[in-house]
Amino acid sequence: MRQNTFYLMAGVTGLVEVGIFWLAVQLRNPFLIMVSFIIGFVFLYVLWRQVSDRKDDERAVYITEKAKSRTLDVFWVIFFALSLGSAVIGFSTPLHIPPPNPALPPDNFRVIVRNVHPDRPFMGYFGLFQLILLFLLILLYLVFRIYYSRKYGDWDSDEE
Amino acid sequence: MKNKIKVYRAMHDLTQEALAAELGVTRQTILAIEKGKYDPSIDLAFRIARFFSVSVEDLFQYEG
């Protein structure tokens with residue numbers, strides 16, 4: 001299989017995944033997109049192994065390694081900072097501990113009860129937050145990939 | 001690290017593409033090495049030297 005065919009198949013797979021994501025939201029079935037995503041990834045991995053005109057020489061591998069390493073270096077700091085912020089929000093929230101006498105709830109407990117909405121999709125917001133972090137990870141990788149590609153002469157013009 | 005790959009390539013009348021094909025790397029890698037933007041691995045350095053039938057020291061000069 002040629003590399004361009006692989007990219008075409010990857011694009012089609014991506015569109016199918018978007019469709020399945022929409023379907024999963026409609027059906028309220030999170031496992032549908034989770035399983036589909038893993039199957040899609042395995043499918044693309046198998047296809048990638050069959051690409052015949054792939055040229056991964058040592059410089060390309062070096063660029064990839066450098067970009068991955070720097071992405072990890074920067075991402076863990078951002079992830080740590082955001083996690084610390086999230087932990088502060090978590091610890092600042094009252095702990096839902098019932099008062100000693102349930103017949104006489106204290107003022108702050110009444111506030112908690114009033115603010116809790118069982119239908120509110122807390123986990124969904126958490127998922128969106130994770131997706132934003134994932135996109136940040138991909139963006140960081142692309143930036144570092146471009147930087148190291150330039151540094152190690154990927155786009156230099158031929159002098160011949 | 002300085003190198004004389006371009007000189008030896010010219011002596012053997014080889015294009016970057018042809019040398020890259022002989023060594024199993026991309027033309028961009030040969031270009032990057034010639035321009036000093038990328039230092040090859042020891043393995044590739046020896047393969048280049050062997051291809052031109054010279055020593056690695058003849059081909060590469062380390063600039064400490």
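The present account deals with the structure reproduced in this document. (Residues numbered from 1 in each chain as written. Chains lettered and ligands numbered in written order. Predicted model: local features only at pLDDT ≥ 70, side-chain atom pairs only at ≥ 80, totals over all residues. Heavy atoms only, no water.)

## As for the overall build of chain A
Alright, step 1. Scanning chain A for helices and strands turns up five helices and zero strands.
Alright, step 2. Listing each helix as α and each strand as β along chain A from the N terminus yields α-α-α-α-α.
Alright, step 3. Counting only contacts in chain A whose residues sit at least 6 apart along the sequence, the fraction spanning at least 24 positions is 72%.
Alright, step 4. Here chain A has roughly 12600 Å² of accessible surface; of this, 71% comes from carbon and sulfur atoms. (Helix = DSSP H or I, 4+ residues; strand = E, 2+ residues; numbered from the N terminus. Contact = heavy atoms within 4.5 Å. Areas by Shrake-Rupley, 256 points an atom, 1.4 Å probe, with all protein chains shown as cover.)

## Quick look at the nonpolar core
Alright, step 1. By size, the foremost hydrophobic cluster in this structure holds 26 residues, and its most contacted members are B:Ile5, B:Leu23, B:Ile33, B:Ile48, B:Phe52, B:Leu59 and B:Phe60.
Alright, step 2. When neighbours within four sequence positions are excluded, B:Phe52 is seen to be in contact with B:Ile5, B:Tyr8, B:Arg9, B:His12, B:Leu14, B:Leu19 and B:Leu59. (Core = buried A, V, L, I, M, F, W, Y, C linked by side-chain atoms within 4.5 Å. Buried < 20%, exposed > 50% of the residue type's maximum accessible area, 1.4 Å probe, protein only.)

## Notes on helix 2 (residues 16-23) of chain B
All names here are of chain B.
Alright, step 1. Among all positions in helix 2, only Gln16, Leu19, Ala20 and Leu23 are buried. End-on view of helix 2: buried residues confined to an arc of 100 degrees, all on one side of the axis. Along helix 2, the residues that are exposed and aim more than 90 degrees away from the buried face are Ala21 and Glu22.
Alright, step 2. In this fold, the buried residues of helix 2 make contact with helix 1 (5-11), helix 3 (27-34) and helix 4 (42-51).
Alright, step 3. Directly after helix 2, the chain includes Gly24, whose backbone phi takes a positive value near 75 degrees. (Arc of directions from axis to C-beta.)

## Some thoughts on the packing of aromatic side chains
Alright, step 1. Enumeration over the complete set of coordinates arrives at eleven aromatic pairs over all chains.
Alright, step 2. Ring centres 4.9 Å apart and planes at 75 degrees place the aromatic pair A:Tyr147 and A:Tyr148 in the edge-to-face group.
Alright, step 3. Taking relative accessible area as the criterion, A:Tyr148 reaches 4% and is therefore assigned buried.
Alright, step 4. Through a chain of ring-to-ring contacts, three or more aromatic side chains come together here, namely A:Tyr62, A:Tyr147, A:Tyr148, A:Tyr152 and B:Tyr38. (Phe/Tyr/Trp six-rings, centres within 6.5 Å; stacked < 30°, edge-to-face > 60°.)

## Notes on the pattern of salt bridges
Residue and element names in this part refer to chain B.
Alright, step 1. Enumeration according to the criterion identifies five salt bridges over all chains in this entry.
Alright, step 2. The salt bridge involving Arg9 is made with Glu34; its shortest N-O contact spans 2.5 Å. In this pair, Arg9 is assigned in helix 1 and Glu34 in helix 3, connecting sequence segments 25 residues apart.
Alright, step 3. Residue classification places Arg9 among the buried residues on the basis of a relative accessible area of 4%.
Alright, step 4. Judged by its relative accessible area of 14%, Glu34 is buried. (Salt bridge = Lys/Arg side-chain N within 4 Å of Asp/Glu carboxyl O.)

## Considerations on the interface of chain B and chain A
Alright, step 1. Listed as interface residues are 19 residues of chain B and, on the opposing side, 16 residues of chain A.
Alright, step 2. Between chain B and chain A lies a buried interface of about 1500 Å² when both sides are counted; carbon and sulfur atoms form 42% of it.
Alright, step 3. Of all residues in chain B, B:Gln28, B:Lys37 and B:Tyr38 bury the most surface against chain A, accounting for 37% of the area lost on that side.
Alright, step 4. Inspection of the chain B/chain A interface yields zero salt bridges.
Alright, step 5. Top element by residues in the side of chain B that touches chain A is helix 3 of chain B. It accounts for five residues.
Alright, step 6. Looking at the side of chain B that touches chain A residue by residue, the classes come out as seven nonpolar, seven polar and five charged. (Buried area = accessible area lost by both parts, 1.4 Å probe. Nonpolar A, V, L, I, M, F, W, Y, C, P; charged D, E, K, R; others polar.)

## Regarding the packing of helix 2 of chain B against helix 4 of chain B
Residue and element names in this part refer to chain B.
Alright, step 1. In the contact formed by helix 2 and helix 4, the axes pass within 11 Å of each other and the chain directions differ by 115 degrees. Comparing their axes, helix 4 and helix 2 come out roughly perpendicular. In this structure, helix 2 crosses over helix 4, and the sense of that crossing is right-handed. Counting all contacts with helix 2, which are made through Leu19, Glu22 and Leu23, the residues of helix 4 involved are Leu44, Arg47, Ile48 and Phe51. (Axes fitted to C-alpha atoms, helices over the stretch in contact; angles between N-to-C directions. Parallel < 35°, antiparallel > 145°, perpendicular 65-115°, else oblique. Left-handed = near helix turned anticlockwise from the far one by under 90°.)

## Remarks on the environment of B:Leu31
Alright, step 1. By the element assignment, B:Leu31 lies in helix 3.
Alright, step 2. Between the C-alpha atom of B:Leu31 and that of B:Asp13, which follows or precedes it by 18 residues, the distance is 16 Å.

## Things to note about the packing of helix 2 of chain B against helix 3 of chain B
Residues and elements named next belong to chain B.
Alright, step 1. Packing of helix 2 against helix 3 leaves a shortest axis separation of 8 Å and a crossing angle of 110 degrees. When the interaxial angle is binned, helix 2 and helix 3 end up roughly perpendicular. Contact residues: helix 2 offers Gln16, Glu17, Leu19, Ala20 and Leu23, while helix 3 offers Arg27, Ile30, Leu31 and Glu34.
Alright, step 2. Partitioned by chemical class, the residues of the contact of helix 2 with helix 3 number five nonpolar, one polar and three charged.

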